[in-house]
Amino acid sequence: MAEQPMMSAGRKRLANVPDTEAKLKMLHYMKLVREIEDRIERKLYRQGRIVGGVYVGRGQEAISVGTAIHMQKDDVVAPSHRDMGVFLMRGITPQRIIAQYMGRRTGLTRGRDGNMHMGDMDYNVIAFVSHLGDNVPVAAGAALVFKQRGEKRVALCYNGEGATSRGDWHEGINFASIHRLPVVYFVNNNAYAYSTPLSVQMAIEDVAIRAEGYGIPGEVVDGNDVLAVYDAAKRAIDLARSGGGPSLVEFKTFRMTGHSAHDDAGYVPPELFEEWKKKDPILRLEETLISESVLTSAKRDQMQKECEKIIDDAVDWAEQQPFPAPEEVTRDVYYEG
Amino acid sequence: MAVTTYIDAIREGIWEEMEKDERVFILGEDVGIYGGAFKVTKGMLDHFGPMRVIDTPIAESAIVGAAIGAALVGMRPVAEMQFIDFISCAFDQIVNFAAKCRYRWGAGVPIVVRGPCGGGVHGGPFHSQNPEAYFFNVPGLKIVCPSTAYDAKGLIKAAIRDPDPVLYFEHKYLYRRIKEDLPAEDFVVPIGKAALRREGDDLSIITYGAMVYKALEAAEELAKSGIEVDVLDLRTILPLDEEAILTTAKKTSKVIVLHEATKTGGPGGEVVARIAEKAFEYLDGPIVRIAPPDTPVPYSPPLEDAFLPQTHDIVAAARKLAAY
Amino acid sequence: MANPSTSDTYTIDVPKGLVLDRTASLELYYFMALNRKLEERLSSLYRQNKVVGGLYSSLGQEACSVGSAYALERGDFFAPMIRNLGGLLVRGVDPVLVIGQYCAREIGPTRGKDLNVHFGWIDRGIVSPISMLASLVPVFSGIALEMKMHNKKNVAMTYVGDGATSTTDFHEGMNFAAVQKVPMIVIVENNGYAYSTPVDRQFNVKDFVVRAKGYGCYGEMVDGNNVLAVLDVIRRARARCVAGDGPVLIEAKTFRRKGHAEHDDAGYVPAALRAEWEKKDPLDAYRRFLSAHRVIASDQELAEIDAKIVEILDAAVDTALASPFPDPSTLMENVYG
């Protein structure tokens, strides 16, 4: 590619720059997210091998990966439906994720719920619900406990810009701000909530403008630049962890798919897809790493093959998994010891 | 007459009301440019314009609240909940504002809050609920659950014309699976009136929504062994058509109450209570409820199939009751 | 926290450009005095067990209610919150109806179905609130939406306390109104406390009005104890709305001089703080202003107004208390239309 590498003039200096190992780790995970989601959405779903709906975060991989890389083991994270990177970086295996999408007993919810509605407190991942924004007060609650106990743990909460119109988003952030809780609120502003563009959702351009009204820091970040994501996330997480309270970090990006697998997004002007394709976060990082001589095209291809193999194996495993037995339907409504 | 699917019947009903009454308008998520998540409002933005088909932010409390305000000043809004599961986000506005205005200060709130309910589509816990029970106990509200294309059209018109707040729960499983010939001329299905879908003297199944079809399948099966079933489709959950309920109970003396909302606290309990209170002497056996177990709606097919009442469950219960 | 004044005497500044004739100047006095005296009567009736249910006072906040309601015009819609009795009086509600309502009598507008300010008439542009705070904000966005749909040159105005701004409905309603650019005015009466909760436990900024930026609408702060300033800010807000600029958020700084309700002695409010705000009493200040400008009103005239108010209230109390309690047979009326 003849284009300028990412570290060009006009791009602000980043306070936190990941080392080579971290950069390669982020590249691996972004590629893994892309591969697992492409496999689920473009292949398995179309072949009828998935149960229920599919929601992916194509084009938004830098956000979950560039933020989640900072997670410490006992931090608690409340992802949304386009944050596959969070799950993978937490150590939840592609096998169990695909089994989840296939409704199998060994998926994360034992077939109880589908697609990204998954979580596991053993991994400190709170499963999200479809009622967007509900996770905001929940994340604040976890952070409240950390503060009360004097623990150096943080809560990370993810939502799209659509969810920020909901009252729960407001109530949760307001609460967190008053009590200076160790929680970071990430906003994936991918420009569309289903068919609704930003201009029909709110009368402002940047969700981060709202931060001032809560008395917390707010920042707008290029969500397709994983190094910028890495930097902003680290500052916000460090602030929370050191007792500086919550912040609002808005990542500008674009939803490169429909709302879900069945939606062809015909309402999006095609030029927008073209424009954002050029800003693909994975390609951008690859270009940077190649220009820094940290990555070769051979190595990049090898990494791609590794991801494909991981997902191939995961799909094979998942498809052999049993469905839950009918009798299990009434289990775990209440505590069973 | 034209063969019309259940979903098209809803669209036509809303469309016709919007044509004849300029006070009627729609608001909700993705209802305009997208035509609705299920395409109920397809074509409406182009035809009626953006002031009458309003795309909203993700804000159910604002959607319903704004509908209430507009209704107070003379409009007839139809508020869509993308999945009826999200009606919980507007619970306060519905229950404390819309339902109580007329009683407290004489102001009617003629809103319709509608959306797709029900399971059987691998939707999981948040895209498959039947929320009628949450609102059943709220005086001032009306709740309807059409099962046929004819009723879908007739009831949406009735709901829009009703002077009080109506919750209209359309079953998503029926959207494109159910169709029938509909009359060309204007018609309304009255709120508060049940419909007898099949007649028989031996046993009654009182039900509504998608379960009507399971009940009819079961009745067909039972007829082969000489058990003839009355299938009463409630159509309106609030207010219940008590007369129709008691009539069938007295006729057959053996009653099954069937619904897709979970059992404990589901509307079936109220039906049973009224029969026990007012038709006790007529009964020749215990009143039986068939409903899903008390769990969230599960996602994986074997779990969801075990959750939802199936035709064979109904047949088995009916045989047992018939033999009592 | 509301700031105590450091000057000796609080004086009414006349906003630049405010045009007000003599009659209007006196009417503002009349309504504030009526508000004050009516609430004193209600308080007395409460102690005699004639008022049924809780009693909430707007002592010290009369300028806010009266000044704002006075700025409205025919066809505008208005909904009070619990401390905006003065606004209802400005909108033409007869004190006899108020007393009847508070005493749960047949003569009350809801005929005993609901209490205190929970009444209204659509044909008079008055909407009844409910106890769920800020629920009026989405409702008024809908009323304002209809005004926009039909090109009416009107506004829909309602109030919230500082406490109500933390709710779901406040956020969703403001955001919806802003993105739809409807002619709604929301007055946030920052009176220092939500029951026992001081404002610094309610939001994390000193001046709430900064939140207007987060909704993308115009916001302005006003001295809520200066009836002329309040009148002026609402007139200007109204002009903006009618011009199609979208909703307006006003923060009125004031202070709640009694407890949350009659039963609450508000021991949690520092005595010094209350004393400071007593010096800024809006009615006293306006009386001083009128006295200083004898061309508007002589002390004699003001005394006559005071005496007239006493007469009106004496008659209203007698009439209201002579009204019977509603008959139980009316219990089932008006559940449905």
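Rules used throughout
- Residues numbered from 1 in each chain as written.
- Chains lettered and ligands numbered in written order.
- Predicted model: local features only at pLDDT ≥ 70, side-chain atom pairs only at ≥ 80, totals over all residues.
- Helix = DSSP H or I, 4+ residues; strand = E, 2+ residues; numbered from the N terminus.
- Rg over C-alpha atoms; globule rule 2.2 N^0.38 Å.
- Buried ≥ 20, exposed ≤ 12 C-beta atoms within 10 Å, placed from the backbone.
- Pairing = 2+ DSSP bridges.
- Axes fitted to C-alpha atoms, helices over the stretch in contact; angles between N-to-C directions.
- Contact = placed C-beta atoms within 7 Å.
- Domains from an automatic or database assignment.
- Nonpolar A, V, L, I, M, F, W, Y, C, P; charged D, E, K, R; others polar.
- pLDDT = per-residue confidence, 0-100.
- Arc of directions from axis to C-beta.
- Parallel < 35°, antiparallel > 145°, perpendicular 65-115°, else oblique.
- Left-handed = near helix turned anticlockwise from the far one by under 90°.

### Looking at the overall build of chain A
A count of helices and strands for chain A gives 12 helices and 7 strands. Relative to its length of 337 residues, chain A is compact, with a C-alpha radius of gyration of 20 Å against a globular reference of 20 Å. Principal axes of the C-alpha set define a box for chain A whose edges measure 60 × 50 × 40 Å. Going through the 337 residues of chain A one by one, you find that 55% of them count as buried.

### Describing the sheet that holds strand β7 (residues 166–171) of chain B
Within a sheet, adjacent strands bond to each other through the backbone by hydrogen bonds, running parallel or antiparallel. Residues and elements named next belong to chain B. Reading across the sheet, the 7 strands line up as β3-β2-β4-β5-β7-β6-β12 and stay open at both edges, with mixed pairing between neighbours. Taken across any chain shown, the strands that pair with only one partner, and hence form the sheet edges, are β3 (53–55) and β12 (236–238). Going from strand to strand, the sheet's axes swing by 20° on average, the running direction of each strand aside. For strand β4 (residues 76–80) and strand β5 (residues 112–117), the ladder comprises 3 bridges, and the chain directions are parallel. Within the sheet, the bridge partner assigned to Ala 79 lies in β5 and is Val 113. Packed on one face of the sheet, helix α3 (residues 60–72) meets β2 (24–28), β4 and β5 and runs near 170° to β4. Sheet strands touched by helix α7 (residues 149–161): β2, β4, β5, β6 (142–144) and β7. Its angle to β7, the strand with the most contacts, is close to 160°.

### Some remarks on the domain arrangement of chain B
All names here are of chain B. For chain B, the assigned domains are domain 1 (2–182) and domain 2 (195–322). Each of domain 1 and domain 2 was reduced to a C-alpha centroid, and the two centroids are 26 Å apart. Of all the elements in the fold, those that place two or more residues in the side of domain 1 that touches domain 2 are α6 (132–136), β6 and α7. Along the lines of polarity and charge, the residues of the side of domain 1 that touches domain 2 split into 11 nonpolar, 10 polar and 3 charged.

### Concerning the interface of chain C and chain B
Each partner contributes to the interface: chain C provides 33 residues, whereas chain B provides 31 residues. Going through the elements one at a time, α5 (136–149) and α6 (168–180) of chain C are the ones with two or more residues in the side of chain C that touches chain B. In terms of residue count, the dominant contributor to the side of chain C that touches chain B is α5 of chain C (9 residues). Of the residues belonging to the side of chain C that touches chain B, the class tally is 16 nonpolar, 12 polar and 5 charged.

### Describing the confidence of the model for chain B
Residue-level pLDDT values for chain B average 96, and 100% of them are 70 or greater. Taken over the whole predicted complex, pTM reads 0.91, whereas the ipTM for its chain interfaces reads 0.92.

### Concerning the environment of Asn 154 of chain C
Residue and element names in this part refer to chain C. Following the sequence through the fold, Asn 154 ends up in the loop between α5 and β2 (156–161). Between the C-alpha atoms of Asn 154 and Phe 208, which are 54 residues apart in sequence, the distance is 26 Å. Residues within four places of Asn 154 in sequence aside, it is in contact with Gly 75, Asp 76, Met 147 and Pro 183.

### Structural notes on helix α10 (residues 282–292) of chain C
Residue and element names in this part refer to chain C. Taken together, the buried positions of α10 are Pro 282, Leu 283, Tyr 286, Phe 289 and Leu 290. Each buried residue of α10 sits inside an arc of 120° when the element is viewed along its axis, so together they form one side. Check the buried side of α10 and you find it contacts α1 (22–47), α2 (62–70), α8 (227–242) and α11 (299–322).

### Observations regarding the sheet that holds strand β3 (residues 184–190) of chain C
Residue and element names in this part refer to chain C. Strand order in this open sheet of 5 strands is β1-β2-β3-β7-β6, and the pairing throughout is parallel. In this open sheet, the two strands that pair with only one neighbour each are β1 (77–79) and β6 (218–223). Across the sheet, the mean angle from the axis of one strand to that of its neighbour is 20°, orientation sign disregarded. Pairing between β3 and strand β7 (residues 248–253): 6 bridges, direction parallel. Note that in β7 the partner of Glu 189 across the bridge is Ala 252.

### Some remarks on the confidence of the model for chain A
Chain-level statistics for chain A give a pLDDT mean of 94 and a share of 96% at 70 or above. Below pLDDT 50 for its whole length, residues 1–10 of chain A participates in 11 contacts with residues either more than four positions away or in separate chains.

### Topic: the packing of helix α1 (residues 6–20) of chain B against α7 of chain B
All names here are of chain B. For the pair α1 and α7, interaxial distance at closest approach is 8 Å and the crossing angle is 30°. Between α1 and α7, the crossing angle belongs to the class labelled roughly parallel. Between α1 and α7 lies a crossing whose hand is right-handed. Contacts between α1 and α7 involve Tyr 6, Ala 9, Ile 10, Glu 12, Gly 13, Ile 14 and Glu 17 on the former and, on the latter, Ala 149, Ala 152, Lys 153, Ile 156, Lys 157 and Ile 160.

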